[in-house]
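Structural features, examined
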Amino acid sequence: MRKKIGVLLIGIMLMVLMASGAQATDDGLVPCGGDGQQPCTFQDLMNLIKNVMKFAMINLAIPAAVGITIYGGVLMVISQGNEAKFKKGKDIIQGVVIAFVIMFSAWLIVNTVMGFLIR
């Protein structure tokens, strides 16, 4: 049963990732340095870092957090009075919440610093 739930969660996460895709623009990640294009500057490097962070946050971290939270919830629901399973599910959900707070705090700091560097 546990293996089936794990395979189901991994399948759902992969479908979400494939459906969201890497929302690339026509210009690519950094529209510079190619044939007939202007040379890359420091601002282009900062834009590349910002685009990679945005992709990682939206297309990777959020679906992973949702999938892991669902897994923790399923553990809590199927614990059937087993305190160890219930506690494990609760700890998983708490870990996801703490990781999300740390991730968004780091994003806020980096985004603020990048805003000053891109100007």
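Before reading further, recall that the structure is shown in the block above.
These figures come from a predicted structure and were not determined experimentally. Residue indices begin from 1 for each chain and proceed along its sequence in written order. It should be noted that, the model being predicted, local features are given only for residues of pLDDT at least 70 and side-chain atom pairs only at 80 or more, the latter also being counted only at that level, while totals for whole chains, interfaces and linings use all residues. Side-chain measures here rest on the full set of heavy atoms in the structure, leaving out hydrogens and waters.

Take helix α3 (residues 83–118) next. Numbering of helices and strands runs from the N terminus; a helix is a DSSP stretch of H or I covering at least four residues, while a strand is a stretch of E covering at least two. To estimate how far a helix should reach, multiply one less than its number of residues by 1.5 Å. Compared with the 52 Å implied by 1.5 Å per residue over 36 residues, the 51 Å span of α3 between its first and last C-alpha is a close match. Buried residues of α3: Gly-89, Ile-92, Val-96, Met-114 and Ile-118, and no others. In what follows, a contact means two residues having at least one pair of non-hydrogen atoms within 4.5 Å. At its buried positions, α3 is contacted by α2 (42–77). Measuring from the side-chain oxygen of the N-cap residue of α3 to the backbone nitrogen of Ala-84 gives 3.1 Å; that N-cap residue is Asn-82. Exposed residues in this analysis have more than 50% of their type's maximum accessible area, buried residues have under 20%, and partly exposed residues fall in between, with area computed by a 1.4 Å probe over protein chains only. Polar contacts, as used here, are pairs of N or O atoms within 3.5 Å; protein pairs need one atom able to donate a hydrogen and one able to accept it. Residues neighboring in sequence count only if both atoms are side-chain atoms.

As a further point, take the state of the cysteines. Formally, a disulfide is one covalent bond, and it connects the sulfur atom of one cysteine to the sulfur atom of another. Cysteine sulfurs are considered disulfide-paired once they come within 2.5 Å of each other. Under the defined criterion, the tally for this structure stands at one disulfide. A sulfur-sulfur separation of 2.1 Å characterises the disulfide bridge that pairs Cys-32 with Cys-40. Around the S-S axis, the bridge from Cys-32 to Cys-40 shows a dihedral of about 95 degrees and counts as right-handed. For Cys-40, a relative accessible area of 48% puts it in the partly exposed group.

Turning to a nonpolar patch on the surface, a few remarks are in order. Exposure above 30% relative accessible area and no salt bridge define the residues that can form patches, which grow by joining like charges within 9 Å and nonpolar side chains of Val, Leu, Ile, Met, Phe, Trp and Tyr within 5 Å. Computed with a 1.4 Å probe, the accessible areas rest on the Shrake-Rupley method; for each residue, only the protein chains presented here act as cover. A pairing counts as a salt bridge when a side-chain nitrogen of Lys or Arg comes within 4 Å of a carboxyl oxygen of Asp or Glu. Residues Ile-58, Ile-62, Val-66, Ile-70, Phe-104, Trp-107 and Leu-108 make up a contiguous nonpolar surface patch of roughly 580 Å² in combined accessible area. Elements supplying a minimum of two residues to the nonpolar patch: α2 and α3. Tracing the sequence through the fold places Ile-58 in helix α2. Owing to a relative accessible area of 44%, Ile-58 belongs among the partly exposed residues under this scheme.

Position of Ser-79 among the secondary structure elements: in the loop between α2 and α3. Judged by its relative accessible area of 8%, Ser-79 is buried. Other than its neighbours up to four places away in sequence, Ser-79 contacts Lys-85 and Phe-86.

Within the fold, Met-46 resides in helix α2. Among the residues examined, Met-46 registers a relative accessible area of 7% and is labelled buried. When the C-alpha positions of Met-46 and Val-30 are compared, they lie 9.7 Å apart, and in sequence the two are 16 residues distant. For Met-46, the residues in contact, after removing those within four places along its chain, are Met-114, Leu-117 and Ile-118.

Next up on the list: α2. The end-to-end C-alpha distance of α2 is 51 Å, a good match for the 52 Å that 36 residues give at a rise of 1.5 Å each. Bending is quantified residue by residue as the angle between axes fitted to the seven-residue window ending at that residue and the seven-residue window starting at it. Taking the largest bend as the criterion, α2 deviates by roughly 35 degrees, centred on Ala-61, and proline Pro-63 comes between one and four positions later. Turning to α2, its buried residues are Asp-44, Met-46, Met-57, Asn-59, Ala-61, Pro-63, Ala-65, Gly-67, Gly-72 and Leu-75.

Aromatic rings in a pair are described by how distant their centres are and how their planes are angled relative to each other. Note on aromatic pairs: the rings of Phe, Tyr and Trp (six-membered ring only in Trp) are paired at centre separations within 6.5 Å, and the planes decide the class, stacked below 30 degrees, edge-to-face beyond 60, tilted for the rest. Under the definition given, this model contains one aromatic pair. With a centroid separation of 4.9 Å and 70 degrees between ring planes, the pair formed by Phe-100 and Phe-104 is classed as edge-to-face. Of the two residues, Phe-100 and Phe-104 are both situated in helix α3; the distance of four residues between them amounts to about one turn of the helix. Accessibility expressed as a relative area gives 31% for Phe-104, which makes it partly exposed.

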